[in-house]
Amino acid sequence: MLYFAYGSNMDLEQLRERIGEVKDGAPAILNGYELRFNKRSVKDEYGRANLIIEPDVITEGVIFELTKKQFTQMDRREGEGYQRRDISVQVAGDVREAQTYFAVADFIADGLRPSNEYLVHILDGAREHLLSNSYMEKIKTIAQS
């Protein structure tokens, strides 16, 4: 089963700490969605990554192959406030079916920003998987808005 990571789980080291051994991922593109940090954390006052529908926009991320057990671990790890959904992403020019996490409406709030530590994990994962420099700059801009 394919998992599309667009937040801190793009950081392979962090993902492995959470769910065990995972093969390195590949860059992927999700069309029609935009990254936001509008998911309220259940642990602190910071925002977590979420996707909102936005035509003509892309979100870059990383695709990983996970087992059913690892997805179950991810469901527990992502916890309250996220829901796993099916999506289609582009990987090396091919369309692939995958799953990712979206914030549940009750956990969405405006005006949130990610913590510096959380943002570092996102940017480390983006660099590690060779996402575009322009997209990494966009992540930084969204984080400050």
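See the structure shown above.
These figures come from a predicted structure and were not determined experimentally.

Caption draft 1: Local environment of the pairing of strand S3 (residues 47-65). Sheet topology places strand S1 (residues 2-5) next to S3; 4 bridges connect them, and they run antiparallel. Following the sheet pairing, Leu 2 is matched in S3 by Glu 65. Two strands pair when backbone bridges link them, and strand S2 (residues 26-40) and S3 are joined in this way by 12 bridges, in the antiparallel orientation. Across the sheet, Glu 34 pairs through a bridge with Ile 52, a residue of S3. Counted along the chain from S2 to the antiparallel partner S3, the turn is 6 residues long.

Caption draft 2: A look at the packing of aromatic side chains. Here the structure, examined in full by the defined rule, presents 6 aromatic pairs. Considering the side-chain rings of Phe 37 and Tyr 118, the 6.4 Å spacing of their centres and the 80° angle between planes classify their relative orientation as edge-to-face. Separated by 81 residues along the polypeptide, Phe 37 in strand S2 and Tyr 118 in helix H3 (residues 116-128) bring together distant segments of the chain. With respect to class, Phe 37 is no different from Tyr 118; both count as buried. Among the aromatic side chains, those forming a connected cluster through ring pairs are Tyr 3, Phe 71, Tyr 82 and Tyr 101. Against the face of Tyr 118 rests Arg 48, its NZ or CZ located 5.0 Å from the ring centre. Above the plane of the ring of Phe 102 lies Arg 85, whose end atom (NZ or CZ) is 4.5 Å from the centre.

Conventions we followed
- Residues numbered from 1 in each chain as written.
- Predicted model: local features only at pLDDT ≥ 70, side-chain atom pairs only at ≥ 80, totals over all residues.
- Heavy atoms only, no water.
- Pairing = 2+ DSSP bridges.
- Helix = DSSP H or I, 4+ residues; strand = E, 2+ residues; numbered from the N terminus.
- Phe/Tyr/Trp six-rings, centres within 6.5 Å; stacked < 30°, edge-to-face > 60°.
- Buried < 20%, exposed > 50% of the residue type's maximum accessible area, 1.4 Å probe, protein only.
- Lys NZ or Arg CZ within 6 Å of the ring centre and 35° of its normal.

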